[in-house]
Amino acid sequence: MTAGSLSQALQRIEASPTTAMTDRASELRAAGRDIISLSVGEPDFDTPPHVIEAAKAALDAGDTRYTPVTGTARLKAAAARHFKRDLGIAAEPASVVVTAGGKQAIFEALAATVSAGDEVIVPSPWWVSYPQMVRFCGGRVVPLITHAKDGYRFEPGEFEALITPSTNWLLLNSPGNPTGAVYTQSMLRGIGDVLRRHPQVMVLSDDIYAPLSYSGAPHATLAALCPDLADRILTVSGVSKSHAMTGFRIGVATGPDWLIEAMGRLQSNSSGNPASISQAAAVAAFEGPQDFLGQWRETFRQRRDMVVERVNAIAGLSTPAPDGAFYCLIDAAPLMQRFDSDDRKLALHLLEQGVAVVAASAFGGRNGFRISFAASEEVLDEALKRIERALA
Ligand code: PLP
């Protein structure tokens, strides 16, 4: 043992590549370069004023002390109502845990349940943190590979074929980052049928992008559609993406009591309660007006349509129209020879030409890159011009 030696768990993970790209873009900007960042996943809208007011009011009221570790009674009640109203899940306040962002909820759930040798099925392309978290916990990542031609969605049979006695989770993200994949009610019912045959498998349903679906169909989620499986499903939601509150760091999760208790036990010995001011703001987000969400969704849909059309008009690039969230996963396979078949080189090339994107390989994909369309049409227009020039 020497000072500075890292734990085996830490040695299994690396820093989030999306953050790495954003940091590099900031460095270049600090050096005076004009860089458009399409690498980060956060809405460009201002946090709604009633949320800001609630945060200020909490400060003025002296709401600045420890709260119960897993969240205030008010926020748990508001989150339970949110789960019922927006996701159709019958959640009790006592079965809600409030965390510092959806990220912490996912980490806690895995850290509380995954042991060395456990297998976690992760549809790929995946959100960057899923495999890292699984590896940190000593679990084995089992990729469930999806394809653009299928809208990056898997069939229940493909999922079932990967299940072994060691499988303990499926990580299901709909609408998905980075693919925009949205699972319909019938697809989820098919996944439910598989789960009924394999009682050892739990599902982490990451619904953090729930309001951002462009098909017009109401959001579908497994715990609402298959209530008989509810004791095996953890549903994660929050306010970061839906309410433009990424900096507040509030996530909420609901699931079986034993898991909620275990997550709380971990939280009580690590971060403690989420920030009191942020919790007050999140109550306002869940309980206040929701009508602006429809306007935001419409704005995102228009941007998506513009980006998809423009990308598909650039020689060598193609993307399906994502059904949800605010990302396009762009295929650049015909151009990859120029970049030694390494999409990190492609991403760096685009950065040098003034646009920060994230290589598809960061998400377990290949030969392409992800852009976020959570930026104004003017910014997206300029970014697309730069991408076109850079790849001409
Ligand atoms: N899940 C997915 C799929 C995400 O893309 C993100 C954020 O990028 C999160 C969870 C975490 O969100 P939060 O900022 O609330 O921790």
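Since the model is a prediction, treat every value here as computed from it, not as a measurement. (Residues numbered from 1 in each chain as written. Predicted model: local features only at pLDDT ≥ 70, side-chain atom pairs only at ≥ 80, totals over all residues. Heavy atoms only, no water.)

### Some details on the site of the ligand
The line we're drawing: Summary of the distance rule: residues count as near a molecule or strand when at least one heavy atom falls within 4 Å of that molecule or strand. Pairing of N or O atoms within 3.5 Å defines a polar contact, subject to two protein rules: one partner must be a possible hydrogen donor and the other a possible acceptor, and residues neighboring in sequence count only if both atoms are side-chain atoms. The Shrake-Rupley method, run with a 1.4 Å probe, gives the accessible areas here. Residue values count only the displayed protein chains as cover. Helix and strand labels come from DSSP, where a helix needs a run of H or I of at least four residues and a strand needs a run of E of at least two; each type is numbered from the N terminus. Gly is placed with the polar residues, together with every amino acid not listed as nonpolar (Ala, Val, Leu, Ile, Met, Phe, Trp, Tyr, Cys and Pro) or charged (Asp, Glu, Lys and Arg).
In the vicinity of the ligand lie 14 residues, with Asn 177, Asp 206, Tyr 209, Ser 240 and Lys 241 positioned nearest. A distance of 2.6 Å separates an oxygen atom of the ligand from a polar atom in the side chain of Ser 240. Taking 400 Å² as the accessible area of the ligand by itself, protein coverage stands at 92%. Of the residues forming the shell around the ligand, the biggest block, 3 residues, is contributed by helix H5 (residues 102-113). Its residues assigned to classes, the shell around the ligand comprises 5 nonpolar, 5 polar and 4 charged.

### Quick look at the side chain of Thr 67
For clarity, the cut-off: Per-residue accessibility, obtained with a 1.4 Å probe over protein chains only, is compared with the maximum for each type, and a residue is labelled buried under 20%, exposed over 50%, and partly exposed between these values. Here, residues are in contact when the closest pair of their heavy atoms is within 4.5 Å.
One can find Thr 67 in the loop between helix H3 (49-60) and helix H4 (73-87). On the basis of relative accessible area, Thr 67 is assigned to the buried category, the value being 13%. Ignoring anything within four residues of it in the chain, the contact list for Thr 67 reads Thr 72, Asn 273, Pro 274, Ser 276 and Gln 279.

### A word on helix H14 (residues 377-391)
Formally: Multiply 1.5 Å by the residue count of a helix minus one, and that product is the helix's expected span. The arc in question is formed by the directions pointing from the helix axis toward the C-beta atoms.
Taking 1.5 Å per residue, 15 residues should reach 21 Å; H14 reaches 21 Å between its end C-alpha atoms and fits that length. For H14, the set of buried residues is Leu 380, Ala 383, Leu 384, Arg 386, Ile 387, Ala 390 and Leu 391. Across the axial projection of H14, the buried residues extend over an arc of 160°, all falling on one side. Along H14, the residues that are exposed and aim more than 90 degrees away from the buried face are Glu 378 and Arg 389.

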